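Listed below are the residues making up each chain.
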Amino acid sequence: MAYRKKEIDSLMEYLGSFELKDFNADERSNYLNVSLDRFLKTLEVFPEGINEKSRVLELGANPYFMSLLMLRKYGCRLEYANFFGEGRFKSDVEVLTSGRFGETHRFRFGHFNVERERFPYRDGSFDLVLFCEIIEHLTMDPVHPLVQINRILRDGGHMVITTPNVLRHDNLRKLIMGKNVHDHYSGYGPYGRHNREYTPAELRDLVEALGFRVERLYTKVTGAINVQGLTIKRFRGLMQLLTTRNRGSNIFMLARKVADAEPVYPRWLFESMHETSGSKAKAKPKKKRKR
């Protein structure tokens, strides 16, 4: 869906009007400016049938821009989860207020580390789980949260993943120019940086080994290509790389639960940590219930 400038401006005004305690206003505004296009593209990958009765879990919900958009578009039964670090957890409720639009929202959230802890939700209790801009931040075990998401989804429920694309144009340009593509160290600690980014094919292989079937998978091209300082030879090499598919800045995936999952640690992703089952390993087939 293409949004008109007037619609974008209206959404920017609406989302930007909310105040969130203990969240720097300038940082929040900059994040919204950079990320609104991605939020809208994320909504486009949602499965059909999401409505006010759907139970949806948003992992990493803070600062709640996606939450507000989902409430506005679907009115679904939303639950939220965050992780602010060990020993930093103070409250399980955050309040957003907009004086301009006369709205106040109280977001009660679960606080847990998605790659270490069991999610505090019952089996099969959600229709949709959002796992957006999180997997690239994990330090040890992306398999654990995917198995937990599988567990809490109902049969046939959906998961939406968004994450930066390691094959994006900007990374290829940097490599051709002899620059580093890895993320900076962060003052927010190990979870403040991108620790492992994925190709679209890798992400598909990982989720399909854990009880999901990918229904939609694409990347989105954003931004202009900066060719300043490139030689003709390097420029031709860059153009050849950029004409290949899957060079967008972010990966967008919709996957459906088709089987229960047990941990599978593929050799292409893990080393010296787990007994791996190989990249072709599949999730354990779901047993049929006797009637």
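Analysis parameters
Residues numbered from 1 in each chain as written. Predicted model: local features only at pLDDT ≥ 70, side-chain atom pairs only at ≥ 80, totals over all residues. Heavy atoms only, no water. Helix = DSSP H or I, 4+ residues; strand = E, 2+ residues; numbered from the N terminus. Buried < 20%, exposed > 50% of the residue type's maximum accessible area, 1.4 Å probe, protein only. Contact = heavy atoms within 4.5 Å. Areas by Shrake-Rupley, 256 points an atom, 1.4 Å probe, with all protein chains shown as cover. Pairing = 2+ DSSP bridges. 1 Å grid on protein atoms, 1.4 Å probe; cavity = no way out; pocket = protein on both sides within 12 Å on 5 of 7 lines; lining within 4 Å. Points joined across faces, edges and corners; volume = space filled by probe spheres on them. Nonpolar A, V, L, I, M, F, W, Y, C, P; charged D, E, K, R; others polar. Core = buried A, V, L, I, M, F, W, Y, C linked by side-chain atoms within 4.5 Å.

(A) Here's a closer look at the overall build of the chain. A count of helical and extended segments in the chain gives seven helices and nine strands. Looking at the chain as a whole, 48% of its 291 residues are labelled buried. Long-range contacts, defined here as pairs at least 24 residues apart, represent 76% of the contacts in the chain between residues at least 6 apart. For the chain, the accessible area works out to roughly 16500 Å², and carbon and sulfur atoms hold 48% of it.

(B) Summary view of helix 5 (residues 169–176). The set of residues buried in helix 5 consists of His169, Asn171, Leu172, Arg173 and Ile176. Within two residues after helix 5, Gly178 carries a phi angle of roughly 80°, on the positive side.

(C) Here's a closer look at the sheet that holds strand 3 (residues 77–82). The strand order across the open sheet built from nine strands is 1-4-5-3-2-6-7-9-8, with neighbouring strands paired in mixed fashion. What marks the edges here is a single partner per strand, and that holds for strand 1 (19–20) and strand 8 (212–220). The sheet contact formed by strand 7 (residues 153–164) and strand 9 (residues 250–257) spans seven bridges and is antiparallel. Each residue of the ladder has a partner; that of Ile161, found in strand 9, is Met253.

(D) Region of the structure containing the layout of surface pockets. In this model, the second largest pocket occupies a volume close to 460 Å³. It is helix 5 that contributes the most residues to the lining of the second largest pocket, three residues altogether. In terms of residue class, the lining of the second largest pocket is made up of three nonpolar, eight polar and nine charged.

(E) Representation of the nonpolar core in the model. Counting residues in hydrophobic clusters, the biggest one holds 37 residues, and the most contacted among them are Leu59, Phe131, Ile149 and Met159. Of all the secondary structure elements, the ones that give two or more residues to this core are strand 2 (55–59), strand 6 (126–132), helix 4 (143–152), strand 7, helix 6 (200–208), strand 8 and strand 9. Residue contributions to this core peak at five residues, all from helix 4. If we skip the residues at most four places from it in the chain, Phe131 touches Leu59, Leu138, Pro145, Leu146, Ile149, Val160, Ile161 and Thr162. Grouped together as the second largest cluster of nonpolar side chains are 33 residues, Phe39, Leu43, Phe46 and Met70 included.

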